[in-house]
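A look at the structure
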Amino acid sequence: MKTSNPVLARLGQAAERERAGGYAPAGAYGQPGYGQPYPTADGYPAAPPTVAPMSIDDVVVKTVTLLGITGLTAALAWVLVPDELVGAAWIGAAVVGLVLGLVISFMRMANPALVITYAVIEGVFVGMVSKFFESIAGYDGIVLQAVIATFGVFFLMAGLYKVKAIRATPKFVRGVVAAMVGVFAVMLINFVITLTTDIDTGLRSGGPVAIGFSLICIVIASLSFILSFHEVEEGVRMGLPRRYSWTAAFGILVSLVWLYIEILRLLSYFQGDD
């Protein structure tokens with residue numbers, strides 16, 4: 001089946017090879033070639049092995065699993081990491097999570113162990129950020145508010161996608177991807193400037209610029225769910241192997257964590273004015 005998504009197209013080709021048996025070329029190591037059935041003892045060809053395709057339920061289960069792992073790790077990190085190490089753990093988890101996330105994203109590795117490891121690292125990151133805002137910075141109740149708002153936005157976007165109020169057209173996909181790349185580039189540049197100079201760009205200082213930037217990030221993070229839902233729907237339609245449900249769940253987790261962090265920041269700006 002055809003798809004306009006190049007990543008899904010590549011995965012779809014891999015799925016076709018797996019459904020065909022995924023064998024070595026004819027003659028290699030004395031084995032049959034692609035799609036050539038193995039002979040049985042009675043001389044009749046055996047049916048090629050089948051690969052179970054992923055389903056919506058598979059993605060839901062994997063997503064809930066990853067969220068549970070992230071939440072549990074965040075709670076443990078909050079309790080176990082002392083206040084004086086929160087900053088170091090925050091930065092360390094952010095860097096490791098970024099590198100691992102890029103590896104999974106660009107290589108499209110449907111590796112459960114790798115995705116679960118990412119969820120654990122993100123749990124540490126989320127736990128440290130949450131502990132800083134709630135306990136150290138003193139924004140009482142901000143974590144619960146951010147969690148409720150995050151899942152509220154998620155279910156809203158799921159509903160809008162379900163009723164086709166927002167459609168993942170090729171133009172929409174290109175626009176959201178371009179916006180995500182642009183925002184992440186700005187955040188990276190701002191992070192480097194903050195670490196290496198005394199310049200205050202205003203993006204994270206709590207002023208009007210910071211509020212506007214967080215709102216932009218929240219909108220883009222919300223729209224990224226549409227891309228994830230579309231990939232899941234297309235993956236199921238194309239019959240991708242079940243293990244790719246981990247990759248789909250990973251994409252949803254990334255958007256949820258990003259949305260939660262931005263909502264947390266935005267709420268802190270308003271509470272800071274009290």
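Worth saying up front: this structure is predicted, and the values here are computed from it rather than measured.

Time to look at the nonpolar core. Nonpolar side chains in soluble globular proteins tend to end up buried together. Among the nonpolar cores identified, the biggest contains 66 residues, and Phe-125, Ile-226 and Leu-264 are the most heavily contacted of them. Only helix 2 (56-80), helix 3 (86-107), helix 4 (112-136), helix 5 (142-162), helix 6 (170-196), helix 7 (208-238) and helix 8 (244-271) provide two or more residues apiece to this core. Examining the composition of this core, we find that 17 residues originate from one element, helix 8, more than from any other. Among all residues touching Ile-226, those that are not within four sequence positions of it are Met-157, Tyr-161, Ile-166, Ala-168 and Phe-172.

The positions that UniProt labels "transmembrane region" (unreviewed entry) are, in the present scheme, residues 59-81, 87-106, 113-130, 142-163, 175-197, 209-232 and 244-261. Helix makes up 100% of residues 87-106 and strand 0%. Its end C-alpha atoms lie 29 Å apart. Here residues 113-130 is 100% helix and 0% strand, with 25 Å between the C-alpha atoms at its ends.

The next subject is the side chain of Lys-62. Mapping Lys-62 onto the fold places it in helix 2. Buried charge without a partner: Lys-62 forms no salt bridge, and the closest opposite charge is Asp-58, 4.5 Å away. Residue contacts for Lys-62: discarding those within four places in its chain leaves Ser-245, Trp-246 and Ala-249.

Scanning the model with the defined rule gives four salt bridges in all. For Asp-83, the salt bridge identified is with Lys-131, shortest N-O distance 3.2 Å. Placement of Asp-83 in the loop between helix 2 and helix 3 and of Lys-131 in helix 4 is noted, with a sequence separation of 48 residues between them. The exposure class assigned to Asp-83 is partly exposed, which follows from its relative accessible area of 46%. Ionic pairing is found between Glu-262 and Arg-204, a salt bridge with its closest N-O pair at 2.9 Å. On the criterion of sequence distance, the pair formed by Glu-262 in helix 8 and Arg-204 in the loop between helix 6 and helix 7 is long-range, its members being 58 residues apart.

What follows covers the environment of Tyr-118. Note on placement: Tyr-118 falls in helix 4. Residue class for Tyr-118 comes out buried when judged on its relative accessible area of 5%.

The next subject is a nonpolar patch on the surface. A cluster of nonpolar side chains, Leu-72, Leu-76, Val-79 and Leu-80, forms an exposed patch at the surface whose accessible area comes to about 450 Å². Structurally, Val-79 can be placed in helix 2. Overall, the relative accessible area of 67% leaves Val-79 in the exposed class.

Cut-offs applied
Residues numbered from 1 in each chain as written. Predicted model: local features only at pLDDT ≥ 70, side-chain atom pairs only at ≥ 80, totals over all residues. Heavy atoms only, no water. Core = buried A, V, L, I, M, F, W, Y, C linked by side-chain atoms within 4.5 Å. Buried < 20%, exposed > 50% of the residue type's maximum accessible area, 1.4 Å probe, protein only. Helix = DSSP H or I, 4+ residues; strand = E, 2+ residues; numbered from the N terminus. Contact = heavy atoms within 4.5 Å. UniProt positions renumbered as here; feature names shortened; annotations may be inferred. Lys, Arg positive; Asp, Glu negative; His and termini not counted. Salt bridge = Lys/Arg side-chain N within 4 Å of Asp/Glu carboxyl O. Patch = residues over 30% accessible without salt bridge, like charges linked within 9 Å, V, L, I, M, F, W, Y side chains within 5 Å. Areas by Shrake-Rupley, 256 points an atom, 1.4 Å probe, with all protein chains shown as cover.

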